[in-house]
Amino acid sequence: MDTASRPLDETAGLTAAACLFHGFSEPSRLSIVRHLALGEHRVVDLTAHLGLAQSTVSQHLACLKDCGLVSSRPEGRASMWSLNHVDTVMALLASAEKLLALTGDAVALCPRYGVDALHHGGT
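These numbers come from a predicted model, not from an experiment.

**Student:** If you had to explain helix H4 (residues 54-66) to someone new, which residues and values would you point to?
**Tutor:** Taking 1.5 Å per residue, 13 residues should reach 18 Å; H4 reaches 18 Å between its end C-alpha atoms and fits that length. Residues of H4 that are buried include every one of Val57, His60, Leu61 and Leu64, and no others. Taken down its axis, H4 places every buried residue within 105 degrees of arc, on the same side. Opposite the buried face of H4, by more than 90 degrees, sit the exposed residues Gln59 and Asp66. Immediately beyond the C-terminal end of H4, within one or two residues, lies Gly68, with a positive phi of roughly 80 degrees.

Laid out in structure tokens, this is it:
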């Protein structure tokens, strides 16, 4: 492999990873992902289970679909939504939980990305 192209490839890979993690960065999206790991759901089911507005659930599903994380299929007048790559996504979330256990409160207290920044529009 040409070493000159390697930094560009690495940067592209890191950018893609950052985009993936951004897709998981919203708590409601994570709730939807975890719920879809249990099986297919309609938007109306997700709104009832999660207590979110239909428009919110639809917007998050559109984001997750654009990222290739979920897909839908028509069933009557509704769409059935499912999580793609269930085992891999759940392994990623399990790894995140392990990392959170190791860092303790450090992530939640981080001034840039912690709970306060999340609720106050941090960077």
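**Student:** Quick rundown of the packing of helix H2 (residues 27-36) against helix H3 (residues 43-50)? Include the residues and the values.
**Tutor:** For the pair H2 and H3, the least separation of the axes is 11 Å and the interaxial angle reads 115 degrees. As summarised for this structure, H2 and H3 are arranged roughly perpendicular, according to the angle between their axes. For the element pair H2 and H3, the recorded crossing hand is right-handed. Side by side, H2 and H3 meet where Ser31, Ile32, His35 and Leu36 of the first sit next to Leu46, His49 and Leu50 of the second. Of the residues belonging to the contact of H2 with H3, the class tally is four nonpolar, three polar and no charged.

What counts and how
- Residues numbered from 1 in each chain as written.
- Predicted model: local features only at pLDDT ≥ 70, side-chain atom pairs only at ≥ 80, totals over all residues.
- Heavy atoms only, no water.
- Helix = DSSP H or I, 4+ residues; strand = E, 2+ residues; numbered from the N terminus.
- Expected span 1.5 Å × (residues − 1).
- Buried < 20%, exposed > 50% of the residue type's maximum accessible area, 1.4 Å probe, protein only.
- Arc of directions from axis to C-beta.
- Axes fitted to C-alpha atoms, helices over the stretch in contact; angles between N-to-C directions.
- Parallel < 35°, antiparallel > 145°, perpendicular 65-115°, else oblique.
- Left-handed = near helix turned anticlockwise from the far one by under 90°.
- Contact = heavy atoms within 4.5 Å.
- Nonpolar A, V, L, I, M, F, W, Y, C, P; charged D, E, K, R; others polar.

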